[in-house]
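Residue-level structure breakdown
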Amino acid sequence: MSSKQPRWTQTWLGGVRSAGVDLGYPGERLGLPSEGSGSVAGFGRRIGAIMIDWLICTWAITQGLLRVDPADMPWVPVLILAVEYLLLVGTMGMTFGMRLLGVRVAALGGGAPGLVSVLVRTFLLCLAVPALVWDRDQRGLHDRAANTVVVRL
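Residues numbered from 1 in each chain as written. Predicted model: local features only at pLDDT ≥ 70, side-chain atom pairs only at ≥ 80, totals over all residues. Heavy atoms only, no water.

1. So, the side chain of Arg-46
Threshold: Helix and strand labels come from DSSP, where a helix needs a run of H or I of at least four residues and a strand needs a run of E of at least two; each type is numbered from the N terminus. Three labels apply to residues, based on accessible area from a 1.4 Å probe with only protein chains included: buried if under 20% of the type maximum, exposed if over 50%, partly exposed otherwise in between. Here a polar contact is taken to be a pair of N or O atoms separated by no more than 3.5 Å, where protein atoms must pair a possible hydrogen donor with a possible acceptor and residues adjacent in sequence count only if both atoms sit in side chains.
With respect to the secondary-structure elements, Arg-46 resides in helix H2 (residues 43-65). Overall, Arg-46 belongs to the buried group, its relative accessible area being 12%. Within polar-contact distance, the side chain of Arg-46 engages the backbone oxygen of Gln-138 at 2.9 Å.

Shown next, in the form of structure tokens:
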């Protein structure tokens, strides 16, 4: 049985792309390039950057510098992560982890995000859940609320 139409399970499990709907590449409707500098950063780079930042905040600063046990005070690493994001994303557009993995936060209109955008993005990022819900342009709810996008350097 040869059919050009995909089976109904393929369209349901594979999403709209497997049904033949072309949504374009991530960032196309934002006016970003499909690849290279300025394109939307992928999930791997983003999760890698947050893991590097989390390790720096938990081990190097909380345990190493402040001598605080994160098991006793779990809010301390989150607070340090928030301060890191506010300072570094607010001034340079990227954290240490982002720099190592070649990504930065950009405002949708181009350039660096403003202070209010950085505050909103950081607050929602610390809640974790908004960062786990993504749209087709690979922007988490925290990026959508702050009108930002994470792009490759």
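2. Observations regarding the pattern of salt bridges
Here is the rule: Basic side-chain nitrogens of Lys or Arg form a salt bridge, by our definition, when they fall within 4 Å of a carboxyl oxygen of Asp or Glu.
Enumeration according to the criterion identifies five salt bridges in this entry. The partner of Asp-137 in a salt bridge is Arg-29, and the shortest N-O contact between them spans 2.4 Å. Of the two residues, Asp-137 is situated in the loop between helix H6 (129-132) and helix H7 (141-146) and Arg-29 in the loop between helix H1 (8-14) and H2; the sequence distance between them amounts to 108 residues. A relative accessible area of 2% means that Asp-137 is categorised as buried.

3. Focus: the layout of surface pockets
Condition: Put simply, the grid is 1 Å and covers the protein atoms alone, a cavity is a trapped set of points that fit a 1.4 Å probe, a pocket is an open set with protein on both sides within 12 Å along at least five of seven lines, and lining residues have an atom within 4 Å of a point. Grid points are joined across faces, edges and corners, and a volume is the space filled by probe spheres set on the points. Residues were grouped as follows: Ala, Val, Leu, Ile, Met, Phe, Trp, Tyr, Cys and Pro as nonpolar; Asp, Glu, Lys and Arg as charged; and all remaining residues, including Gly, as polar.
Size it by volume and the largest pocket reaches roughly 460 Å³. As for the largest pocket, its lining consists of 22 residues, of which Ile-47, Ile-50, Leu-125, Ala-128 and Ala-131 are closest to the centre. Top contributing element to the lining of the largest pocket by residue count: H2, with eight residues. Residue composition of the lining of the largest pocket, grouped by class: 18 nonpolar, one polar and three charged.

4. Some remarks on the packing of aromatic side chains
Definition in use: Classification of ring pairs rests on two measures: the distance between centres of Phe, Tyr or Trp rings, Trp counted by its six-membered ring, which must be within 6.5 Å, and the angle between planes, read as stacked under 30 degrees, edge-to-face over 60 and tilted in between. Consider the ring centre and the ring normal. A charge sits over the ring if Lys NZ or Arg CZ is within 6 Å of that centre and within 35 degrees of that normal.
Enumeration over the complete set of coordinates arrives at one aromatic pair. Positioned over the ring face of Trp-134 is Arg-46, at 4.9 Å from the centre of the ring.

5. Focus: helix H3 (residues 75-91)
To keep things clear, this is the line we draw: Any helix carries an expected span of 1.5 Å times its number of residues minus one. For this analysis, residues touch if any pair of their heavy atoms sits within 4.5 Å.
For H3, with 17 residues, the first-to-last C-alpha span of 24 Å sits near the 24 Å given by 1.5 Å per residue. For H3, the complete set of buried residues consists of Val-76, Pro-77, Ile-80, Leu-81, Ala-82, Glu-84, Tyr-85, Leu-88 and Val-89. Buried residues along H3 sit in contact with H2, helix H4 (96-101), strand E1 (103-107) and helix H5 (115-127). Taken from the residues just after H3, Gly-93 is the one with a positive phi, measuring 85°.

6. Looking at the nonpolar core
Note the threshold: In this text, buried Ala, Val, Leu, Ile, Met, Phe, Trp, Tyr and Cys residues form a nonpolar core when linked through side-chain atoms within 4.5 Å.
If you look at the biggest cluster of nonpolar residues, it comprises 17 residues, and the most contacted ones within it are Tyr-85, Val-89, Met-98, Val-103, Val-105 and Val-150. Counting only elements with at least two residues in this core, the list comes to H2, H3, E1 and H5. Ranked by residue count, the leading element in this core is H3, at five residues. Setting aside anything within four residues of it in sequence, one finds Val-150 in contact with Ser-39, Val-40, Ala-41, Arg-46, Val-103, Arg-104, Val-105, Arg-121 and Asp-143. Core analysis: the second largest hydrophobic core is formed by five residues, Leu-32, Val-40, Ala-106 and Val-149 among them.

7. Quick word on the environment of Val-151
Take Val-151: it is sitting in strand E2 (residues 148-152). Of the residues examined, Val-151 reaches a relative accessible area of 2% and is grouped as buried. With sequence-adjacent residues up to four places away left out, Val-151 is seen in contact with Leu-32, Gly-38, Ser-39, Val-40, Ala-41, Gly-102, Val-103, Arg-104 and Ala-106.

So far we have only geometry, and geometry alone does not tell us how the molecule works.
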